[in-house]
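# Notes for the structure review
Here are the chains, one letter per residue:
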Amino acid sequence: MLKDITLGQFFPGTSPIHRLDPRVKLLLALIFIVVLFVINNLVAYIIMGVLLAVVVKISQIPLGLVLKGLKPIFVVVIITAILNIFYNTTGEVLWEWGFLRVTTNGIMLGIFMAIRIVYLIIGVAIILTYTTSPILLTDAVENVFSPFKRFGFPAHEIAMMMTIAIRFIPTLVEETEKIINAQKARGADFETGSILKRAKALVPILVPLFVSAFKRADELAIAMECRCYQGGENRTRMRVLQTSRIDYVAIVITVLVCAALVSMNFMEFGWRA
Amino acid sequence: MKPFISFENLSFKYSEEEPRWVLENINLTIDDGSFVAVLGHNGSGKSTLAKHLNAILLPTEGKVYVDGIDTCDEEKLFDLRQRVGMVFQNPDNQIVATVVEEDVAFAPENLGVPPAEIRERVDWALEAVSMTEYREAASYHLSGGQKQRIAIAGVLAMKPKCIVLDEPTAMLDPQGRKEVMKTIRELNKNEGITIVMITHYMNEAIMADRVVVMDEGHVILDGDPYEVFSHVDELKSVGLDVPQPTELMYLLKGAGVDIEKTVLTDEECAEVLYNLLEGQR
Amino acid sequence: MKIEIQNLTHTYGAGTPFVKNALDDVSITIEDHDFIGLIGHTGSGKSTLVQHLNGILKPTSGRILIDGRDMWDKNTNIREVRFKIGLVFQYPEHQLFEETVYRDIAFGPTNMGLSEEEIRERVLSAMEFVGLEQDLLDKSPFDLSGGQKRRVAIAGVIAMRPEVLVLDEPTAGLDPKARDDLLKQIKKYYKENRSTVIIVSHSMEDMAKTVDKIIVVKGGKIERFLPVGEIFADAESLSSMSLDIPTITKVFKKLKDRGVDIETNVYTVKYAYELMRSRLLGEVRQDA
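Residues numbered from 1 in each chain as written. Chains lettered and ligands numbered in written order. Predicted model: local features only at pLDDT ≥ 70, side-chain atom pairs only at ≥ 80, totals over all residues. Heavy atoms only, no water.

### Description of the overall build of chain B
- For chain B, the count of helices and strands is 12 helices and 10 strands.
- Taking 281 residues into account, the globule formula puts the C-alpha radius of gyration at 19 Å, and chain B, at 20 Å, falls close to it.
- Considering only C-alpha atoms, chain B reaches an extent of 70 × 50 × 35 Å along its principal axes.
- Looking at chain B residue by residue over its 281 residues, the buried ones come to 60%. (Helix = DSSP H or I, 4+ residues; strand = E, 2+ residues; numbered from the N terminus. Rg over C-alpha atoms; globule rule 2.2 N^0.38 Å. Buried < 20%, exposed > 50% of the residue type's maximum accessible area, 1.4 Å probe, protein only.)

### Focus: the side chain of C:Asp104
- Summarising the element assignment, C:Asp104 is placed in helix H3 (residues 101–111).
- When its relative accessible area of 1% is taken as the criterion, C:Asp104 is described as buried.
- Every residue in contact with C:Asp104, bar those within four places of it in the chain, is listed here: A:Arg186, C:Leu96, C:Phe97, C:Glu98 and C:Pro141. (Contact = heavy atoms within 4.5 Å.)

### A word on the interface of chain B and chain C
- In this complex, chain B contributes 31 residues to the contact, which on the side of chain C involves 32 residues.
- Counting the contacts that link chain B with chain C gives 4 salt bridges.
- A salt bridge links B:Glu271 to C:Arg258; the shortest N-O distance between them is 2.8 Å.
- The tally of links from chain B across to chain C stands at 9 residue pairs in polar contact (both at pLDDT 80 or more).
- Per-element tally for the side of chain B that touches chain C: the top contributor is helix H12 (residues 266–280) of chain B, with 10 residues.
- Of the residues that constitute the side of chain B that touches chain C, the class distribution is 17 nonpolar, 7 polar and 7 charged. (Salt bridge = Lys/Arg side-chain N within 4 Å of Asp/Glu carboxyl O. Polar contact = N/O pair within 3.5 Å; in protein donor to acceptor, adjacent residues only side chain to side chain. Nonpolar A, V, L, I, M, F, W, Y, C, P; charged D, E, K, R; others polar.)

### Here's the deal with the domain arrangement of chain A
- In terms of domain boundaries, chain A breaks down into domain 1 (1–132 + 243–273) and domain 2 (156–237).
- With centres defined by C-alpha atoms, the gap from domain 1 of chain A to domain 2 of chain A works out at 31 Å. (Domains from an automatic or database assignment.)

### What about the interface of chain B and chain A?
- Each partner contributes to the interface: chain B provides 39 residues, whereas chain A provides 34 residues.
- Here chain B meets chain A over a buried area of about 3200 Å², counting both sides, of which 56% is carbon and sulfur.
- We note a salt bridge from A:Arg227 to B:Asp103, for which the minimum N-O separation is 3.4 Å.
- At the surface where chain B touches chain A, the tally comes to 16 residue pairs in polar contact (both at pLDDT 80 or more). (Buried area = accessible area lost by both parts, 1.4 Å probe.)

### A closer look at the state of the cysteines
- A full pass over the atoms with the stated rule returns 0 disulfides over all chains.
- You can see B:Cys162 has no disulfide; the closest cysteine sulfur is in A:Cys226, sitting 12 Å from it.
- Of the residues examined, B:Cys162 reaches a relative accessible area of 0% and is grouped as buried. (Disulfide = S-S within 2.5 Å.)

### Focus: the environment of A:Phe112
- Take A:Phe112: it is sitting in helix H6 (residues 104–131).
- Separated by 70 residues in the primary sequence, A:Phe112 and A:Leu42 place their C-alpha atoms 7.7 Å from one another.

### Section: the packing of helix H11 (residues 244–254) of chain B against helix H10 (residues 247–257) of chain C
- At their nearest, the axes of H11(B) and H10(C) sit 8 Å apart, and the two run at 70° to each other. Here H10(C) runs roughly perpendicular to H11(B), going by the angle between their axes. The residues of H10(C) that touch H11(B), namely those facing B:Gln244, B:Pro245 and B:Leu248, are C:Thr247, C:Ile248, C:Val251 and C:Phe252. (Axes fitted to C-alpha atoms, helices over the stretch in contact; angles between N-to-C directions. Parallel < 35°, antiparallel > 145°, perpendicular 65-115°, else oblique.)

### Observations concerning the packing of aromatic side chains
All names here are of chain C.
- Applying the stated criterion to the full structure yields 11 aromatic pairs over all chains.
- With centroids separated by 5.0 Å and ring planes inclined at 80°, the aromatic side chains of Phe 129 and Tyr 189 adopt a geometry described as edge-to-face. One end of the pair, Phe 129, is in helix H4 (residues 116–129); the other, Tyr 189, is in helix H6 (residues 176–193), and 60 residues separate them in sequence. When sorted by exposure, Phe 129 lands in the same class as Tyr 189, which is buried. (Phe/Tyr/Trp six-rings, centres within 6.5 Å; stacked < 30°, edge-to-face > 60°.)

### Overview of the sheet that holds strand S8 (residues 196–201) of chain C
All names here are of chain C.
- The 6 strands lie next to each other as S6-S7-S8-S3-S9-S10, forming an open sheet whose pairing is mixed. The sheet terminates laterally at strand S6 (85–88) and strand S10 (221–227), the two strands that pair on one side only. Here the average twist between neighbouring strands, direction ignored, is 15°.
- Direction of pairing for strand S7 (residues 164–168) relative to S8: parallel, over a ladder of 5 bridges. Bridged to Asp 168 within S8 is Val 200.
- In the packing of H6 onto the sheet, the strands contacted are strand S3 (35–39), S7 and S8, and the crossing angle to S8 comes to about 155°. (Pairing = 2+ DSSP bridges.)

### Focus: a negative patch on the surface
- Together, C:Glu31, C:Asp32, C:Asp67 and C:Glu163 give the surface a local cluster of negative charge.
- Note that C:Asp67 resides in the loop between strand S4 (61–66) and strand S5 (69–70). (Patch = residues over 30% accessible without salt bridge, like charges linked within 9 Å, V, L, I, M, F, W, Y side chains within 5 Å. Areas by Shrake-Rupley, 256 points an atom, 1.4 Å probe, with all protein chains shown as cover. Lys, Arg positive; Asp, Glu negative; His and termini not counted. Charge placed at Lys NZ, Arg CZ, Asp CG, Glu CD.)

### Description of helix H10 (residues 203–226) of chain A
- Under the 1.5 Å per step criterion, the end-to-end length of H10(A) is 35 Å for 24 residues, consistent within 8% with the ideal 34 Å.
- All of the buried residues in H10(A) are A:Pro204, A:Ile205, A:Pro208, A:Leu209, A:Ser212, A:Arg216, A:Leu220, A:Ala223, A:Met224 and A:Cys226.
- Taken together, the buried residues of H10(A) touch helix H8 (155–185) and helix H9 (195–201) of chain A, helix H2 (77–83), strand S6 (84–87) and helix H4 (106–110) of chain B together with H3 of chain C. (Expected span 1.5 Å × (residues − 1).)

Here you go:
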């Protein structure tokens, strides 16, 4: 069901992770992503996994929600892993059929890519978005990118677009579900037939969805104008972003841990690709 | 004293080519602190009238003044919009931010209010619509009535003198309708906010101090609810209802029963019937 | 067509912290040619119940028998069930998608695999039932007024000629005249078509003057299933379920409370008028 999509939702709380400055969280997420793709040592990945689990624990996000968040990307992970297995053909050959060849290095790369995607989702999509209110997150984006405004970079506009997108995702998901059900009640068949027929079957869903989205956009724009929205100029914020001790602690810990993990690339033990 | 809102010979159409006026020669004044319900069927021009109050639409002919501001005065556009808050039918399409209190903060943030004062205003606005306990909730977990109260809090945070509500309960269930109507009445009574409410529910219109009935772009009836709802035939002829007790009294009167006054509520109706039955003994 | 619902339970969010029984062991039989109003609060389970009637939702446990056959039996084609039990969702105009009114109404019949002539015949008669003029046939549904769009959407389901027609809050958001017109048309459809009609509504006032029987759903259970004439006899207990009983019923309840010897089972203005006229004028005439 579409309702199972929990990515991009926010779970209010008071954990240390919730209390971090969102700009710091963005920075840490960025470091995390870079390191995630630099590491090439299985032991390092295992350590990283344990650390991620610890962060999840500290953030008080129920384990069930983490798993639920991972469910929708399961297929993507498998496909990526398989593609990567066939992509790298160096190393010891284990199996060969025509132009397809599975090697030790290929398998390693497949496993690494799967781990990277899973960690990426847990680290960014789950820990970051579950613990940060969407507004704070978009405020942070606006704030981090505001130095580039002078070069014409629309930091405020992008942040506002993100805010609205996050706000409307659940609404539109619900709407899609309703439209699907309504067309099913009129005998629409989405499950059988050729690819072309199935693609055509989407028209009765997509047209109403877009009509509704445009109507919502129109009404929202008027409502925003009525609430004196006039772009980012002279705008103040209810919450002022502030860094505190806990943020510096988090930065120091992350940087040290990441340095340690990256340095394992140069060590002699562990499995690597 | 000048009235708070005045429509002076207001006429409106969407484009020059259109043959028909959507609003035609409207003259209407609304006093500060009053609670006015504007009734009419769909397409009667009632929503168009409301949209003139904060310059979403501008008059084709005539003028609209709110608190001394000419709505055509572009320099004072934000002064005007701050004074007149607008609440629309679909609460989902007015809420900008996911988290309740952050949405309520949207308008004062746009107005450049200092952070500490925004916090105060948000807390006050949520209290005024009895939604304080949901301040950290995500709006999509709320009921329709709750969402609409958040939308009201969102305009309250501008500290408006007047709130215009365009069919605020049309998409709500009876429970949500009651919540929203209660909130609106309290804002009028306790905070002295002028209320202009567009509706086609008679049970809501009777709560107002004054009812204005529109049809085909004209004001056809205007007065206190008792006065307006005494015109049962006229209301029915423009596709509107009257409350059930009012209709019963009207029918009985037509049959020759001696009934003087118009009734609106079940309470009043029972009282009149009781006296009639007692009088027979 | 007879619909038997046996011990139907529906649970949302099984296995998550948000488990909720939307329907709890519901058993009810809807006879052929019933005209039913289904009343309950938001979250009472009434929408969940109607979505089971045509297999949009599948029971967590329990069975639904259509003319004695289990709807979820391996041999039953669920699409066939949907053609027999037509469901009009809330705000059905939000599902319009075709270029013309004709093609939108024809969507259901086309999915049924009917012939071109048959489809045309059905579309035209469905339009007549909902009171749409024929000159709208080639218009875009998106250019119509709100009330007309609603009618097109309802015609889209009626055109499938379902044996059971279920409408989820068909009058939501309509103004008083459009609401009364639509309810009258549904009533006419019911009378002329020998089909079963079920209307989901919040409004006791509307249902009292439209349907024959009323089902009250509360907390996932059926609280009442009675003919309209009997449902308001116990207005006290309906009020205690915080349902909106018709204002006119409240008037007579108040009279009774003040010691007047009068029946309280009054739920339409028409009936109230006749009752009071005979009480007030009938007796006056006798005195004179």
